[in-house]
Amino acid sequence: MKIYHLNCGTMNPRYPRGTQSIIYCLLVEANDGLLLVDTGFGVQDYKNPSWFTKIFIASLDMPCSLEETAMYQVEKLGYARNDVKHIVMTHLHSDHSGGLRDFPDAHVHVHALEYEAIQSPKGFKERFYDAEHWAHSPNWVIHKKEETEDWFGFRNIRVLNDNSLDVRLIPLHGHTRGHCGVAIKTPEGWLLHCGDATFPFYHDHEPLPPMKPLPNYVMSPPKWLERSLVGENTPRLKELHEKHGDEIQFICSNDSITYSMQFHE
Ligand SMILES: [Zn+2]
């Protein structure tokens, strides 16, 4: 089993200048092909961006490099794009879902509440969906039934009925209605992609060069910003990290720290 850590979009905030963030995606080799966790922006977002994507890209001074798309990185690793059989989404905000169009044959796994949210977005945070990203009618796999079985005290949904790969949606709602973490069982333990449900609280240092520092509002957001942006899951995740940090590796969408460490191993 091999897991590739991908940066599918570098963000260089205009304030404060000199800081940097990423869109963190994972590519997992499974028995019958590849599984992707989130997609970042896709080829069409850079070639033919919607007005919303244009604003997003401009405000974060993104390089819009096709080399940062998941599709390019999959092909660079020697795979074909239709080797990606499953895409598991933490949520469907536009900076996570643009690449869906680059893998039109993949099964796209989402929590039922997230699917509901894109049909009828409500409130500020649910404005950041871009319906163009699913205008091609993906092969949605909409997950509703939550397992009663515990995953370290969290409810969870087993995504694949494949004994070779244990991947679960962990409901961490709040950032969006159906936002989930994605847990992947690895030979060493578990890898938990927390999406936008938290910030890299589990690190006490900056990203390693050449990555630039994360903005303070990502690294240690004030409580009001944390509640309004990422939701209310961080205390539970901190407790999980305290109790089981040796069994679970945490990452989240803007965690350029973990991402930077792979180049220094
Ligand atoms: Zn988001």
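Structure shown above.
Not measured: the values here are computed from a predicted model.

S.K.: Can you explain the nonpolar core? Please cite residues and give values.
M.R.: Of all hydrophobic cores here, the largest spans 57 residues; its most connected members are Cys25, Leu36, Ile87, Val88, Val182 and Cys194. By residue number, the principal contributor to this core is strand E2 (residues 21–30), which donates 6 residues. Setting aside residues no more than four positions away along its own chain, isoleucine 87 makes contact with Leu36, Thr39, Leu100, Phe103, Ala106, Val108 and His109.

S.K.: Tell me about the sheet that holds strand E3 (residues 33–37), and please be specific about residues and values.
M.R.: Pairing is mixed across the open sheet formed by 6 strands, whose spatial order is E1-E2-E3-E4-E5-E6. Each of the sheet's edge strands pairs with one partner strand only, and the pair in question is strand E1 (3–11) and strand E6 (139–143). Taking each pair of neighbouring strands and ignoring which way they run, the sheet shows an average axis angle of 25 degrees. As judged from the 7 bridges shared by E1 and E2, these two strands associate in the antiparallel manner. Note that in E2 the partner of isoleucine 3 across the bridge is valine 28. Its contacts with the sheet place helix H5 (residues 112–119) against strand E5 (107–111) and E6, and it is angled at close to 95 degrees to E5.

S.K.: Break down the sheet that holds strand E9 (residues 167–171) for me, with residues and values.
M.R.: Spatial strand order, E7-E8-E9-E10-E11-E12: 6 strands in an open sheet with mixed pairing. The open sheet terminates on both sides in strands that have one partner only, identified here as strand E7 (147–151) and strand E12 (248–251). Averaged over all pairs of adjacent strands, the angle between strand axes in this sheet comes to 35 degrees, irrespective of strand direction. Pairing of E7 with strand E8 (residues 154–158), which is carried by 2 bridges, proceeds in the antiparallel orientation. Pairing of tryptophan 151 across the sheet is with phenylalanine 154, part of E8.

Conventions adopted
- Residues numbered from 1 in each chain as written.
- Predicted model: local features only at pLDDT ≥ 70, side-chain atom pairs only at ≥ 80, totals over all residues.
- Core = buried A, V, L, I, M, F, W, Y, C linked by C-beta atoms within 7 Å.
- Buried ≥ 20, exposed ≤ 12 C-beta atoms within 10 Å, placed from the backbone.
- Helix = DSSP H or I, 4+ residues; strand = E, 2+ residues; numbered from the N terminus.
- Contact = placed C-beta atoms within 7 Å.
- Pairing = 2+ DSSP bridges.
- Axes fitted to C-alpha atoms, helices over the stretch in contact; angles between N-to-C directions.

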